[in-house]
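Overview (structure and organization)
Here is how the chains run, residue by residue.
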Amino acid sequence: MEVSRRTFIKTTLIGGAGVSVFGFSLAPVYAQTQGLKIARTTETRSTCPYCSVSCGVIIHTLGDKAKNAIPQVVHVEGDPDHPINRGTLCPKGASLEQDIVNDRRLLNPQVRRPGSDHWEDISWDVAVNEIAVWTKKTRDETFIDKDKSGYTVNRLETIGWIGGCTDTNELNFLAVKTMRSLGVCYFETQARV
Amino acid sequence: MTEWWDKQIQRADHLAPKANGSKELLEFYAQLLRAQKNIYEFLRGHKHWLPSGDLEHDLPVVVNALPGFLRVVESCGPASLAAEAADLSQADPQVLAERLMMYWGNASDIQFFEKAALQPYLRWVADSGARPVGREAAVGERFCPFCGGSPQVSFLQNKETTAESGNRDLICATCLSSWEFRRVVCANCGEERPAKLGYFHSPEFDHVRIEACDTCKHYIKGVDLTRAGFAAPIVDEIDAAPLDLWAREHGYAKIELNLVGV
């Protein structure tokens, strides 16, 4: 009788213990299996956001795919299959994990008042309100509608904008629209990837 | 190339005394590796002969290399393998030759004797510059480009001197050659979606992991040589046999069984 691989394996590995396909006792192996602490990770290929080189990275995420569990990044490494960096990363890219998981990461807005020597936590509502007030006040006082030659320029030279490398396309789009509508000339989104 | 066999043997000898559940498996595998090395050396040392790559043509020499291998299995193997080895030792060499030819045409990982006997032959075919002839070899990135065999184990190894990440290679179960294979891809079905690919680790086997696919429900074990550069993937894979049972309990099937049948 022809025995398929599937049938053969099934008949020799029933219940985890038993014997291997070639007749080895698997009882001691099974006993060790019971004590294993198994963790599942996922590897996701992505692109380093820091500069325009666009190195490939692999992000290792810990999590068993349980419904209410939040996956946690546990490691970031260069993607060895990526044609640009072939597994290598610069020191900044190599620290990418700390950009994601970092207990020193700011979770609330902070402000350093004029004359103060320290930063203080403020609420999101206060931060948004203060930004709006100061932006309007600064723009009202310093907006330039015509230059010395009388040409219409509609520019605001007293406010600048610096974006971050991890800002999303959507945030950068809104930033450009907002800054352009205010007349801001000095802005940089760092959207290079 | 004999150094390659020596490295595997030394690794098996090193791991066996310290092994927990897989001690018996490693002790047998160490003896099997010695027998395979003897086959390889017999073929390599055969005067005025080089393998053609056509097993049918090379069979008379190959079969002559096997009595010592059968004796080792008979003396060290589990009861079922030992009995079969004894039968084959007594049988007409033509019986063994026919079994080898059947495996050559249609390889299966549940054919212990054929797989174990032909691994050193195919290694010598590769080392001597020949190529397998007369096999209907599967083609595709997940099959060995030399002989068309399925992958036994994967391993990560630094190939760029400045890289910390490991490139992934697969080791062929049929000829023990290795070939480059992409990371984050199932070695069985080619699945690339990260959510479908699970990597299972255990602190007990720090440098070995299960690389499983939820699409085809198959897995392969991966040995990370960037963590343990002295490891020998095909040996460490056997040492980590408890991970195989865990994977099976969780519904995954191994792409290719190893020579201890797990």
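Every chain is numbered independently, its residues counted from 1 as its sequence is written. A letter from A marks each chain and a number from 1 marks each ligand, given out in the order of writing. Given that the model is predicted, a residue must reach a pLDDT of at least 70 before its local features are reported, and side-chain atom pairs must reach 80 or more before they are shown or counted; all residues, however, enter totals for whole chains, interfaces and linings.

Only DSSP runs of H or I with at least four residues qualify as helices, and only runs of E with at least two residues qualify as strands; both kinds are numbered from the N terminus onward. Scanning chain B for helices and strands turns up nine helices and seven strands. A compact globule built from 262 residues would reach a C-alpha radius of gyration of about 18 Å, and chain B, at 18 Å, matches this within 12%. With respect to the principal axes defined by its C-alpha atoms, chain B has extents near 50 × 35 × 35 Å. Within chain B, buried positions represent 48% of all 262 residues. A sequence separation of at least 24 residues applies to 60% of the contacts in chain B between residues at least 6 apart. Radius of gyration: over C-alpha atoms. The globule rule applied is 2.2 Å multiplied by the number of residues raised to the 0.38 power. Burial in this document is a count-based property: other C-beta atoms within 10 Å of a residue's C-beta are tallied, and the residue is buried at 20 or more, exposed at 12 or fewer, or partly exposed in between, with C-beta positions derived from the backbone. The contact criterion used here is simple: two residues whose C-beta atoms, placed from the backbone, lie within 7 Å are in contact.

What follows covers helix 3 (residues 55–64) of chain B. Residues and elements named next belong to chain B. Every buried residue belonging to helix 3 is among L55, D58 and V62, and all of these are buried. Angular distribution of buried residues about the axis of helix 3 spans 70 degrees; they occupy a single face of the element. Turned more than 90 degrees away from the buried face of helix 3, the exposed residues are E56, H57, P60 and N64. As for helix 3, its buried residues are in contact with helix 6 (93–105) and helix 7 (112–127). Throughout, the arc means the angular range of directions from the helix axis out to the C-beta atoms.

As a further point, take the interface of chain B and chain A. The interface is formed by 42 residues belonging to chain B together with 36 residues belonging to chain A. Taken together, the elements giving at least two residues each to the side of chain B that touches chain A come down to helix 2 (23–45), helix 5 (79–90), strand 4 (197–202) and helix 9 (241–249) of chain B. Here the side of chain B that touches chain A is composed, by residue class, of 21 nonpolar, 13 polar and eight charged. As judged from the three bridges shared by strand 1 (residues 39–47) of chain A and strand 4 of chain B, these two strands associate in the antiparallel manner. The residue of strand 4 of chain B that forms the bridge with R40 of chain A is F200 of chain B. Charged means Asp, Glu, Lys or Arg here, nonpolar means Ala, Val, Leu, Ile, Met, Phe, Trp, Tyr, Cys or Pro, and polar covers whatever is left, Gly included. When DSSP finds two or more bridges between a pair of strands, those strands are recorded as paired.

So, about the domain arrangement of chain B. All names here are of chain B. An automatic or database domain assignment supplies the start and end points of every domain. Domain boundaries assigned for chain B yield domain 1 (2–127) and domain 2 (151–254). Averaged C-alpha coordinates put domain 1 and domain 2 at centres separated by 24 Å. Listed as interface residues are 17 residues of domain 1 and, on the opposing side, 12 residues of domain 2. Elements with a minimum of two residues in the side of domain 1 that touches domain 2: helix 1 (2–15), helix 2 and helix 7. Counting residues per element, the side of domain 1 that touches domain 2 draws most heavily on helix 1, at five residues.

Moving on, we get to the nonpolar core. Joined through C-beta atoms within 7 Å, a set of buried Ala, Val, Leu, Ile, Met, Phe, Trp, Tyr and Cys residues constitutes a nonpolar core. One finds A12, L26, Y29 and V260 of chain B to be the most contacted residues of the largest nonpolar core, which totals 85 residues. The leading source of residues in this core is helix 2 of chain B, at 11 residues. Ranked by size, the runner-up nonpolar core spans nine residues in total, among them C48, Y50, V57 and L96 of chain A.

This next bit is on the sheet that holds strand 8 (residues 184–188) of chain A. Residue and element names in this part refer to chain A. The strand order across the open sheet formed by three strands is 6-7-8, and the pairing between neighbours is mixed. The open sheet terminates on both sides in strands that have one partner only, identified here as strand 6 (144–146) and strand 8. Averaged over all pairs of adjacent strands, the angle between strand axes in this sheet comes to 25 degrees, irrespective of strand direction. The sheet contact formed by strand 6 and strand 7 (residues 152–162) spans two bridges and is antiparallel. Following the sheet pairing, I144 is matched in strand 7 by R155. Sheet strands in contact with helix 6 (residues 169–182) are strand 7 and strand 8, and its direction is about 135 degrees off that of strand 7. With axes taken as lines fitted to C-alpha atoms, and helix axes fitted only over the stretch in contact, angles between N-to-C directions fall between 0 and 180 degrees.

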